[in-house]
2 protein chains.
Amino acid sequence: MLKRICMIPACRNDTDHEPLFRQESYFHWAFGCAEAGTAGAIDIDTKKSILFIPRLPEAYAVWMGKIEPPSTFAKKYGVDEAYYVDEIPKVMQDNYASKTVHVLYGKNTDSGAYSKPASFEGMDKFTVDKDTLHPVIADLRVFKTKEELDVLRFVNQMTSEGHVEAMRQIKPGMYEYQLEAIFKFHVYMHGGCRRTAYTPICASGPNAAVLHYGHAGAPNDREIKDGDIMLLDMGGEYHCYAGDITTSYPANGKFTEEQKIVYQGVLNAMTSVEQAMKPGVVWTDMQILASRRILEALIELGVLHGDIEEMMKVYLGGYFMPHGLGHFMGIDTHDVGGYLPGYPERIDKPGLRSVRTARELKENMVLTVEPGMYFIDSEMDKIIADPTLSKFVNVERLNQFRGWGGVRLEDNVIVTATGIDNMSSVPRTIEELESVMAGGAWPPARDAKPE
Amino acid sequence: MLKRICMIPACRNDTDHEPLFRQESYFHWAFGCAEAGTAGAIDIDTKKSILFIPRLPEAYAVWMGKIEPPSTFAKKYGVDEAYYVDEIPKVMQDNYASKTVHVLYGKNTDSGAYSKPASFEGMDKFTVDKDTLHPVIADLRVFKTKEELDVLRFVNQMTSEGHVEAMRQIKPGMYEYQLEAIFKFHVYMHGGCRRTAYTPICASGPNAAVLHYGHAGAPNDREIKDGDIMLLDMGGEYHCYAGDITTSYPANGKFTEEQKIVYQGVLNAMTSVEQAMKPGVVWTDMQILASRRILEALIELGVLHGDIEEMMKVYLGGYFMPHGLGHFMGIDTHDVGGYLPGYPERIDKPGLRSVRTARELKENMVLTVEPGMYFIDSEMDKIIADPTLSKFVNVERLNQFRGWGGVRLEDNVIVTATGIDNMSSVPRTIEELESVMAGGAWPPARDAKPE
Ligand SMILES: [Mn+2]
Ligand SMILES: [Mn+2]
């Protein structure tokens, strides 16, 4: 008798499939270079920038394209000098032997992952500093230049249009992924966005209560039903810069009374926050403000009753909006700089613990504003089980919302000297949404005659 | 004075961006399971199949979706038993302690990479065999089941339609990437293909001489010009199975006389090979047959002169078609099993060294047939520099083709008992292509009245 068992692990390494390369974000920020296998250095004293490109094998010319010399890349990317990667030790030794080498090394406060510092042969002969660079560049990335804002405005315009296309074409009986297809087509065909900034979330009905729906285990594959609420969180990526917009609306184009109350509550949260935002405002205060609007809607809905101030003390809003109100956005969708040394630390309370920064707003920061209200089974169970929370709840009414889903709305805004500049342009009011879904123009024609 | 230089490496690890998970191909072949972090075992004696799924943290329910027990996955994937991954040591110790554990470990002959064998705590107490499984499963994957063929036929149909959409919409002035956008939209919207099987190659004019154009360093970003030849190599992926079809045609819809000769030469190569294919035929012989057709066209074009038999002896065709004629296709685009122990080894000659298998054809193998003819600067330089090759060449005429590009045609076929079943269905003759690009039907209406 055979005595054998075979075991197969599930990670893709036995293949010659190569995913499309996407540049590392810090490197892209510093050099804007699309090619794989490159490295770069900046002489802080002279401001001289140096790009190192890989020396390509002869076969590259047949399979991948013409082999260009370093000078081509120096010109293309506007750096002062370019060499081959295998020349790094010599270039460093010949020109910078007396200098301290600062390498990028630090923790990403969203993922917990550490960047991998640069290294080269003979680096042990240099004084190497791993600590200085990361917090400095992370903080520089928080404040966008005019050129960065131009790219972000462009990708936001394309992302907005892609959302409008999806809401124009939706009808019950379609599959969720078809909205992803419509969106991706629009941003690529008309905006040159080859990638999305993240895996699109196209949630219908109950799936709209799953914050990061759409992944490989739940791949936007449900058939959309009449009466469903939709939650679409999709953003294009252009020249590595992200768009990150969320729209919500009824699949059939007409809000029910319940959908109106939930939707309007989330829109009130968004509007209140966007009206309050300006330099000096602390971001976690905005999370609290949004939470208040969400609680107001839950009272109107008959799910909660009692004193809002008391509800705020036990962070009841955090069970209906368990994510952060928004995050920095740029080359990374969840951009860096949220929790740097010297800035406020993460607050460990429901809702607040998910906020990706507790910083004070300043001009030229770019953030998402993304309040939401969700009926998540596990969160509702927690509320019902905890007497300090359940005393505010009409349990029978709450249970009616199991399977209802949720609503999230997300804009991408620039903090200006006096307030914000909203880069997103999608229908937001109930009237606007019902009009566009019924075939109305977007944006509404400015010169249309009043009827 | 400051003495500092900063260095930034270019690999993306300082971010919380997670690419969309795609299952490892051997694991998918064995278990068909889409979820990440899983493992599986098969008891060879009893045929019992066991799936191990990750134990998910509580937060998963909020962010990713409802947490399902192992039994849900046992039912979903039709396995006999399912447990948590952290139960592997106990399940193995309790039930299979006396058995040899066969783990998957071996080299991918296309990439040179090795698979990472499964391991678990306490595995050192078992007899472990790393050698047996890999060649056995690789060879099993070469021969497709009826169910696999059904999926491959579906993804080929969608891929064919996507190509026809692109050729219907192309016009000079568009950008190459817009054809990628049209293709991806079609296969996703109408075929549910969330991924392409590989990065689409959308090459116009000179780029059509770059075999794997379209990567991050050359991202399909050229404006298509009137008079360009096009080369589009694009395939959808459905349930992890690949389509891999290539079409070529003039951007403006009308072949020039030169384009006709090059195109017809490649089509002759494809037709000759497809007519010759049947069980018992050796794949490298097909590469040689294709090469002959390519050389014939180059003679007609006035680029070559002399005796074809002599040209064949010096592998002159391999400089105009430096890639393999075709490869196994399945869960990997370049599917496994090409060079297994006990089968013929790779032949180190121009063209032939790129063929991904030298095996004899057998029923239920699935292969691509993809002859091509390209005018690649570095290859033309090699020919001119080598007197044993250049004696066949009209150098002045050859140099006229610098920047011309190339043509590749690719079908996906099943080897049957008596020949092949071609799964691809795209316009192939010059007449068919010019008709479809001028607005004609595809496939041509079967019941159309003769005019
Ligand atoms: Mn966001
Ligand atoms: Mn192929």
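Just so it is clear, the structure is predicted and the values come from calculations on it, not from any experiment.

Further remarks concern helix H12 (residues 377-385) of chain B. Restricting attention to buried positions, one finds in H12 of chain B the residues Glu379, Met380 and Ile383 of chain B. On an axial view of H12 of chain B, the arc spanned by its buried residues comes to 100°, and they lie on one face. If you follow the buried residues of H12 of chain B, they end up packed against helix H2 (60-63) of chain A together with helix H11 (317-320), helix H13 (387-390) and helix H14 (395-399) of chain B.

Our next topic: the coordination of the manganese ion (ligand 2). Residue and element names in this part refer to chain B. Summarising the metal site, the manganese ion (ligand 2) is bound by the protein donors Asp244 (OD), His327 (NE2), Glu370 (OE) and Glu410 (OE), whose distances to it range over 2.1 to 2.4 Å. Look at where the donors of the manganese ion (ligand 2) fall in the sequence and you get D-x82-H-x42-E-x39-E. Linking histidine 327 in the loop between H11 and strand S13 (366-369) with glutamate 410 in the loop between strand S15 (406-408) and strand S16 (411-415), this pair joins segments that are 83 residues apart in sequence. Judged by its relative accessible area of 3%, histidine 327 falls in the buried class.

The subject of this paragraph is the pairing of strand S8 (residues 201-204) of chain A. Residues and elements named next belong to chain A. Covered by surrounding structure in S8 are Ile201 and Ala203 together with Cys202 and Ser204, the residues of both alternating faces. As paired strands, S8 and strand S9 (residues 229-234) are joined by four bridges and run antiparallel to one another. Across the sheet, isoleucine 201 pairs through a bridge with aspartate 233, a residue of S9.

Time to look at unusual backbone geometry. For residues besides glycine, phi is generally negative; the peptide bonds are generally trans as well. Residues and elements named next belong to chain A. At the junction of tryptophan 442 and proline 443, the peptide bond is cis and its omega measures out at -10° in the coordinates. Tracing the backbone through its elements, the reader meets proline 443 in the segment after helix H15 (430-437). The phi angle at asparagine 220 is positive, at roughly 50°, despite the residue not being glycine. For asparagine 220, the position within the fold is in the loop between S8 and S9. Positive phi is not limited to glycine here, since cysteine 240 has a value of about 75°. With respect to the helices, strands and loops of the structure, cysteine 240 is situated in the loop between strand S10 (236-238) and strand S11 (241-242).

A word on the coordination of the manganese ion (ligand 1). All names here are of chain A. Here the manganese ion (ligand 1) is held by the protein donor atoms Asp244 (OD), His327 (NE2), Glu370 (OE) and Glu410 (OE), which lie 2.1 to 2.4 Å from it. Read from N- to C-terminus, the donor residues coordinating the manganese ion (ligand 1) fall into the pattern D-x82-H-x42-E-x39-E. You can see glutamate 370 sitting in the loop between strand S13 (366-369) and strand S14 (372-374) and its partner glutamate 410 sitting in the loop between strand S15 (406-408) and strand S16 (411-415), a full 40 residues away along the chain. When sorted by exposure, glutamate 370 lands in the same class as glutamate 410, which is buried.

Right, let's talk about the interface of chain B and chain A for a bit. Contact with chain B, which involves 110 residues of that partner, is made by 109 residues of chain A. Carbon and sulfur atoms make up 60% of the area that chain B and chain A hide from each other, which totals about 9,100 Å². In this structure, the salt-bridge partner of glutamate 180 of chain B is arginine 194 of chain A, at a minimum N-O distance of 3.1 Å. Between chain B and chain A we count 20 residue pairs in polar contact (both at pLDDT 80 or more) in total. Here the side of chain B that touches chain A takes nine residues from helix H7 (residues 176-189) of chain B, the largest share from any one element.

So, about the relation of the copies chain B and chain A. Least-squares fitting of chain B to chain A yields an RMSD of 0.0 Å, with the transformation described by 0.0 Å of translation along the axis and a rotation of 180°. Within this description, the copies of the chain are treated as partners about a two-fold rotation axis. Judged by C-alpha distance, phenylalanine 185 of chain B is the residue of chain B that lies nearest the rotation axis, at 2.8 Å. Here 99% of the interface residues in chain B have copies in chain A that are interface residues too; the copies meet face to matching face.

Take the side chain of histidine 102 of chain A next. Residue and element names in this part refer to chain A. Within the secondary structure, histidine 102 sits in strand S5 (residues 100-103). Exposure remark for histidine 102: the relative accessible area of 4% places this residue in the buried category. Side chain to side chain, histidine 102 and aspartate 129 meet in a polar contact 3.1 Å long.

Residue and element names in this part refer to chain B. Going through the model one piece at a time under the given rule, you end up with zero disulfides over all chains. Of all cysteine sulfurs, the one in cysteine 193 lies closest to cysteine 202, which takes part in no disulfide; the gap is 16 Å. Cysteine 202 sits in the buried class, given a relative accessible area of 0%.

Residues and elements named next belong to chain B. Direction vectors running N to C along helix H6 (residues 146-169) and helix H15 (residues 430-437) enclose 65°, while the axes themselves pass 8 Å from each other. What the angle tells us is that H6 and H15 run roughly perpendicular. For the pair H6 and H15, the contacting residues are Val164, Met167 and Arg168 in the first and Leu433, Val436 and Met437 in the second. Within the contact of H6 with H15, the residues separate by chemical class into five nonpolar, no polar and one charged.

Residues and elements named next belong to chain A. Per the counting criterion, the structure on display carries four cavities of 30 Å³ or more. As for the largest cavity, its lining consists of 14 residues, and the residues nearest its centre are Lys107, Asn108, Thr109, Val336 and Gly337. Grouping the constituent residues of the lining of the largest cavity by class yields five nonpolar, five polar and four charged.

Moving on, we get to the nonpolar core. The nonpolar side chains of a soluble globular protein tend to be buried with one another. Membership of the largest hydrophobic core comes to 97 residues, with the highest contact counts inside it found for Met277, Trp283, Leu298, Leu316, Phe320 and Phe375 of chain A. Each residue touching phenylalanine 375 of chain A, except ones within four places of it in the same chain, is listed here: Ala209, Val262, Leu298, Leu301, Phe320, Met380, Leu398, Phe401, Trp404 and Gly405 of chain A. Val62 of chain A together with Met230, Tyr263 and Ala290 of chain B belong to the second largest nonpolar core, which has 96 residues in total.

Relative to the elements of secondary structure, aspartate 14 of chain A occurs in the loop between strand S1 (4-9) and helix H1 (25-31). Note on aspartate 14 of chain A: relative accessible area 1%, which makes it buried. For aspartate 14 of chain A, the contacting residues outside a window of four places in its chain are Glu24, Tyr26, Gly106, Lys107, Asn108, Ala113, Ser115, His134 and Asp332 of chain B.

All right, on to the sheet that holds strand S7 (residues 195-196) of chain B then. Residue and element names in this part refer to chain B. Reading across from one edge, S7-S10-S11 is the order of the three strands in this open sheet, with antiparallel pairing throughout. Every interior strand has two partners, whereas the edge strands, S7 and strand S11 (241-242), have only one. Two elements, S7 and strand S10 (residues 236-238), share two bridges in a ladder whose sense is antiparallel. Paired with threonine 196 across the strands is glycine 236, a residue of S10.

Attention now goes to the pairing of strand S4 (residues 81-84) of chain A. All names here are of chain A. Only one face of S4 is buried, namely the one carrying Ala82 and Tyr84, since none of Glu81 and Tyr83 on the opposite face is buried. Sheet analysis places strand S3 (residues 49-53) next to S4, joined by four bridges and oriented parallel. Bridge pairing in S4 links phenylalanine 52 to tyrosine 83.

Residue and element names in this part refer to chain A. What the three strands build is an open sheet, ordered S13-S16-S17; its pairing is antiparallel. Each having just a single partner strand, S13 and strand S17 (420-422) make up the two edges of the open sheet. With direction set aside, neighbouring strand axes in the sheet form an average angle of 35°. Strand direction decides the pairing type here: S16 and S17, joined by three bridges, are antiparallel. Residue pairing in the sheet places valine 415 in a bridge with isoleucine 420 of S17.

Further remarks concern the pattern of salt bridges. In total, this model carries 66 salt bridges over all chains according to the counting rule given. Between arginine 55 of chain A and aspartate 86 of chain A there is a salt bridge; the shortest N-O distance is 2.7 Å. Highlighted residues: arginine 55 of chain A in the loop between S3 and H2 and aspartate 86 of chain A in the loop between S4 and helix H4 (88-96), separated in sequence by 31 residues. Among the ionic pairs, lysine 66 of chain B bridges to glutamate 68 of chain B, the shortest N-O distance being 4.0 Å.

Residues and elements named next belong to chain B. Running from N to C, H6 and H7 point in directions that differ by 140°, and their axes come no closer than 8 Å. Taken as a pair, H6 and H7 cross one another with a handedness that is right-handed. Each of Met158, Thr159, Glu161, Gly162, His163, Glu165, Ala166 and Gln169 in H6 lies in contact with H7, whose residues at this interface are Leu179, Ile182, Phe183, His186 and Val187.

Moving on, we get to the packing of aromatic side chains. Enumeration according to the criterion identifies 25 aromatic pairs over all chains in this entry. Pairing phenylalanine 120 of chain A with phenylalanine 126 of chain A gives two aromatic rings, centres 5.5 Å apart and planes at 80°, and the pair type is edge-to-face. We classify phenylalanine 120 of chain A as buried; its relative accessible area is 11%. A ring pair is formed by tyrosine 105 of chain B and tyrosine 114 of chain B, whose centres lie 5.5 Å apart and whose planes are at 25°; its orientation type is stacked. With relative accessibility at 29%, the residue tyrosine 105 of chain B sits in the partly exposed group. One aromatic cluster in this structure is built from Phe320, Phe375, Phe401 and Trp404 of chain A. Positioned above the aromatic ring of tyrosine 84 of chain A is the side chain of arginine 55 of chain A, whose terminal nitrogen or guanidinium carbon lies 4.0 Å from the ring centre.

What counts, and at which threshold
Residues numbered from 1 in each chain as written. Chains lettered and ligands numbered in written order. Predicted model: local features only at pLDDT ≥ 70, side-chain atom pairs only at ≥ 80, totals over all residues. Heavy atoms only, no water. Buried < 20%, exposed > 50% of the residue type's maximum accessible area, 1.4 Å probe, protein only. Helix = DSSP H or I, 4+ residues; strand = E, 2+ residues; numbered from the N terminus. Arc of directions from axis to C-beta. Contact = heavy atoms within 4.5 Å. Donors = N, O, S within 2.8 Å, 3.2 Å for Na, K, Ca; no water. Pairing = 2+ DSSP bridges. Buried area = accessible area lost by both parts, 1.4 Å probe. Salt bridge = Lys/Arg side-chain N within 4 Å of Asp/Glu carboxyl O. Polar contact = N/O pair within 3.5 Å; in protein donor to acceptor, adjacent residues only side chain to side chain. Least-squares fit on C-alpha atoms with pLDDT ≥ 70 in both. Disulfide = S-S within 2.5 Å. Axes fitted to C-alpha atoms, helices over the stretch in contact; angles between N-to-C directions. Parallel < 35°, antiparallel > 145°, perpendicular 65-115°, else oblique. Nonpolar A, V, L, I, M, F, W, Y, C, P; charged D, E, K, R; others polar. 1 Å grid on protein atoms, 1.4 Å probe; cavity = no way out; pocket = protein on both sides within 12 Å on 5 of 7 lines; lining within 4 Å. Points joined across faces, edges and corners; volume = space filled by probe spheres on them. Core = buried A, V, L, I, M, F, W, Y, C linked by side-chain atoms within 4.5 Å. Left-handed = near helix turned anticlockwise from the far one by under 90°. Phe/Tyr/Trp six-rings, centres within 6.5 Å; stacked < 30°, edge-to-face > 60°. Lys NZ or Arg CZ within 6 Å of the ring centre and 35° of its normal.

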